[in-house]
Amino acid sequence: MAEVKKAKAEKEAKVADPVAASIDPATQQMLRRAQELGIDTVWDRAVTMKQCNIGLQGICCKNCAMGPCRLPLPKGGIEGEDTRKGLCGATPNTIAARNFIRMIAGGAAAHSDHGRSVAEVFLSVARKETEDYKIKDPQKLMAMAPHLGVETTVEVDGETKDRDLDEIALEVAEKAMAEWGKPDGELEYLKRAPKPLYEKWVKAGVRPRNIDREIVEIMHRTHMGVDQDYKNLIKQGTRAALADGWGGSMLATDLQDVMFGTPYPLQSEANLGIMKEDHVNIIVHGHEPVLSEMIVAAAASKEMIDYAKTKGAKGIQLGGICCTANEILQRHGVPPAGTFLQQELAIITGACDAMVVDVQCVFQNLANVAKCFHTKLITTHPIARMEQNNVEHIEFDEHHAMDDAKRIVKMAIDNFTNRGAEVMIPRQKATQIAGFGVESIQYHLGGTFRGNYFTLNDNIINGRIRGIGGVVGCNNARTRHNEAHIAVVKELIKNDVIVLTTGCNGIACAMEGLLTPETAGVYCGPGLAEVCETVGIPPVLHMGSCVDNSRILLAATEVVNAGGLGKDISDLPAAGSAPEWMSEKAISIGQYFVASGVYTVFGVGLPVQGAPVFQDYLFNELENVYGGKWDLVVDPIEHAQAMIAHIDKKRKALGIDKARERVLMDMADRMKLESA
Ligand code: BF8
């Protein structure tokens, strides 16, 4: 009844109810503020704009001009043969599979084109064409080189010597660039996966040949009148998704680490309360960190801080939204001002002197909101411009990156004095420890002396840690902001499941204060709490942006390699989750996790529900091919419980389902378990 009343009130008012829109008080406050000022936000638009029920179920085909053909499920479900078909005869399975893999193409393209941009900058570094970027982490370069087939040593007169670093960098850059378009072979990084997984990909015939080709082939196969077999369509979807996770995204992560530094744990804060009334506030938003890295440096320079002081500001406060935020958080401790859904709200504070956007997850409505304030909205990427005339475009170029960054920071400083009286910054912000990655987990769990994943494996085997949950992904204005993210994560850690997070889930967890070691004593089950307290880590480890989901793949591989928990990722007591997803990138990530052997649960809904046979293929049969499968569970507690049930199933299969005394396992013990 209360729900009906609320819906009715919303309908009459045509604006969102702030408390129903978000669990976060800062967001609620700013949403109220927006409504007072008569500025519409994504939540208000979600009240007035109804979703298309047929599109939601994935059974609308608009791939030719005889359509759109809409194939709704008959009322009361399908009895007997499913006779639905489009004008050309396309079945619901074909249509849903085409739509699904087109989403994979979109997601894989976004991640991988980001990776390509990074590789291009790295090529400029290797060719010494830019002064602004350098190799910051040569160790990471040496670590990634062999995976691209680049030698790091050379034989001279029968002696093995280290190769010149510049030479290695150039070859790595060229090899990396070739991954997008080489004519023969397969992606080099596929062999980083555990061998049994690689062999599954060989058997299924899904090894990506090069990144671009797999995405193009999706567009060809889903053109009118081409691939008409949902199994064959999803096979291509898998190829493109693997080209993302084990290709474009992984290369983006590696090369960003080489140029900008590999993240190590650091302290920061999160939420809109990081903005400061007496400072120049610059918010960077989007995904590619190449420009924001320079903005971080420019904003920290004495020259710019002194200049800000001449305008009456006490300093410069940099903050972020979305995954650009995660990138500069992980490496520099710059605090995120919020998740994807809070982007308009950062401007509505009235204290945002410049918002600098690059690519992906950027609302076009930002320009309309910026018009109501003094905020300079600056686009920076040639492929992502806005039509509104209040938007400035400063095109970033790696050859004069620092000049571009200084120009942008100066523009923000000059704008500080133009602020109106309408500043309102919520006070909420939470402390967080972020900056985890494959390397730092290894270090944290064993120190420099015996740094390895053995300690993690031992604690999983002895049952203190029940399993691993990867919880990632977006917010979605069709669900209550952050509610499912936080409920899923809390339910997992309560049940001793350690959580690896990326993307907007990472920001949501930070806002909720879940990214501190102290959280362990409050929310975790006794086993996980004990491990976190002993080692000094939070129970939720922030691994970075969405391209950094590749870090989760590699961490899982390290767990397999450390022994005792099976021979493949699909053997691990682990599960993946995206409770509030919305983006095509999430579908690509979901598919590469499934194809890497992970049981992957989505919330919200999946656009396959109108094609039950195709859905069943994703939700059940894919497990026979890769060991991983999709699932959809909307209720967050049931969602987490489904992950826990899967983790328990895997523990049982490994013979570690009985509570065990903590014993330090040696290699012989682990081998015994493996052969059990
Ligand atoms: O790439 S989690 S809303 S910001 S798509 Fe976008 Fe989703 Fe956030 Fe990062 Ni990922």
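What counts, and at which threshold
- Residues numbered from 1 in each chain as written.
- Predicted model: local features only at pLDDT ≥ 70, side-chain atom pairs only at ≥ 80, totals over all residues.
- Heavy atoms only, no water.
- Domains from an automatic or database assignment.
- Contact = heavy atoms within 4.5 Å.
- Buried area = accessible area lost by both parts, 1.4 Å probe.
- Salt bridge = Lys/Arg side-chain N within 4 Å of Asp/Glu carboxyl O.
- Helix = DSSP H or I, 4+ residues; strand = E, 2+ residues; numbered from the N terminus.
- Buried < 20%, exposed > 50% of the residue type's maximum accessible area, 1.4 Å probe, protein only.
- Polar contact = N/O pair within 3.5 Å; in protein donor to acceptor, adjacent residues only side chain to side chain.
- Phe/Tyr/Trp six-rings, centres within 6.5 Å; stacked < 30°, edge-to-face > 60°.
- Near = heavy atom within 4 Å.
- Nonpolar A, V, L, I, M, F, W, Y, C, P; charged D, E, K, R; others polar.
- 1 Å grid on protein atoms, 1.4 Å probe; cavity = no way out; pocket = protein on both sides within 12 Å on 5 of 7 lines; lining within 4 Å.
- Points joined across faces, edges and corners; volume = space filled by probe spheres on them.
- Pairing = 2+ DSSP bridges.
- Axes fitted to C-alpha atoms, helices over the stretch in contact; angles between N-to-C directions.

**Digging into the domain arrangement of the protein**
Stage number 1. Here the domain parsing of the protein yields domain 1 (92–180 + 192–260), domain 2 (272–418) and domain 3 (437–675).
Stage number 2. For domain 2 and domain 3, the distance between their C-alpha centroids amounts to 33 Å.
Stage number 3. Facing 16 residues of domain 2, the contacting portion of domain 3 comprises 20 residues.
Stage number 4. Across the domain 2 to domain 3 interface the summed buried area is about 1300 Å²; carbon plus sulfur atoms make up 66%.
Stage number 5. There are 0 salt bridges connecting domain 2 and domain 3.

**Observations concerning the side chain of T516**
Stage number 1. Topologically, T516 is positioned in the loop between α21 (503–511) and α22 (519–523).
Stage number 2. T516 sits in the buried class, given a relative accessible area of 10%.
Stage number 3. In this structure the side chain of T516 is engaged in a polar contact, spanning 2.8 Å, whose partner is the side chain of T519.
Stage number 4. In contact with T516, not counting residues within four places along its chain, are T431, Q432, I433, P538 and P539.

**As for the packing of aromatic side chains**
Stage number 1. All told, the structure shown has 10 aromatic pairs when counted by the stated rule.
Stage number 2. Centre to centre, the rings of F100 and F614 are 5.9 Å apart; their planes meet at 75 degrees, and the pair counts as edge-to-face. Here F100 is found in helix α6 (residues 92–126), whereas its partner F614 is found in helix α26 (residues 612–626), with 514 residues between them in sequence.
Stage number 3. Taking the centre distance of 5.1 Å and the plane angle of 80 degrees together, the rings of F340 and F363 count as edge-to-face.

**Here we look at the site of the ligand**
Stage number 1. As a structural note, the neighbourhood of the ligand is formed by H287, C322, C323, F340, C361, G473, C474, C504, C546, M582, S583 and K585.
Stage number 2. For the ligand, an oxygen atom lies 2.7 Å from a polar atom in the side chain of H287.
Stage number 3. Contact between the ligand and K585: an oxygen atom at 3.1 Å from a side-chain N or O atom of the residue.
Stage number 4. Grouping the constituent residues of the shell around the ligand by class yields 8 nonpolar, 3 polar and 1 charged.
Stage number 5. When residues of the shell around the ligand are assigned to domains, at least three map to each of domain 2 (272–418) and domain 3 (437–675).

**Focus: the layout of surface pockets**
Stage number 1. In this structure, the largest pocket spans a volume of roughly 1100 Å³.
Stage number 2. Around the largest pocket, the lining comprises 32 residues; the ones closest to its centre are Q51, L56, N476, R478 and M582.
Stage number 3. Looking at the lining of the largest pocket, the elements with two or more residues in it are α4 (42–48), α5 (53–56), α6 and α25 (584–594).
Stage number 4. Here the lining of the largest pocket is composed, by residue class, of 16 nonpolar, 10 polar and 6 charged.
Stage number 5. Both domains that meet at the lining of the largest pocket, namely domain 1 (92–180 + 192–260) and domain 3 (437–675), each give it at least three residues.

**Quick notes on the pairing of strand β12 (residues 430–434)**
Stage number 1. In terms of residue burial, β12 counts as a mostly covered element, since 4 of its 5 residues are buried.
Stage number 2. Bridge count between strand β5 (residues 266–270) and β12: 5 bridges; the pairing is antiparallel. From the neighbouring strand, Q267 faces β12, where its bridge partner is I433.

**Examining the sheet that holds strand β10 (residues 376–379)**
Stage number 1. Across the sheet, which stays open at both edges, the 6 strands sit in the order β8-β7-β6-β9-β10-β11 with parallel pairing between neighbours. Two strands in the sheet have a free side with no partner beyond their single neighbour: β8 (336–338) and β11 (391–393). Averaged over all pairs of adjacent strands, the angle between strand axes in this sheet comes to 30 degrees, irrespective of strand direction.
Stage number 2. Where strand β9 (residues 354–357) meets β10, 4 bridges bridge the pair, whose relative direction is parallel. Residue V357 lies in a different strand from β10, and its bridge partner there is T379.

**Remarks on the sheet that holds strand β18 (residues 630–632)**
Stage number 1. Taken in spatial order, the 6 strands line up as β15-β14-β13-β16-β17-β18 in an open sheet, and their pairing is parallel. Each edge of the open sheet is held by one strand with a lone partner, namely β15 (540–542) and β18. Between one strand and the next, the sheet's axes are offset by a mean angle of 25 degrees, whatever the strand orientation.
Stage number 2. Where strand β13 (residues 467–471) meets strand β14 (residues 497–501), 5 bridges bridge the pair, whose relative direction is parallel. Residue pairing for β14: V471 is matched across the bridge by T501.
Stage number 3. Running at roughly 160 degrees to strand β16 (residues 574–578), helix α27 (residues 636–654) makes contact with β13, β14, β16 and β17 (599–602) of the sheet.

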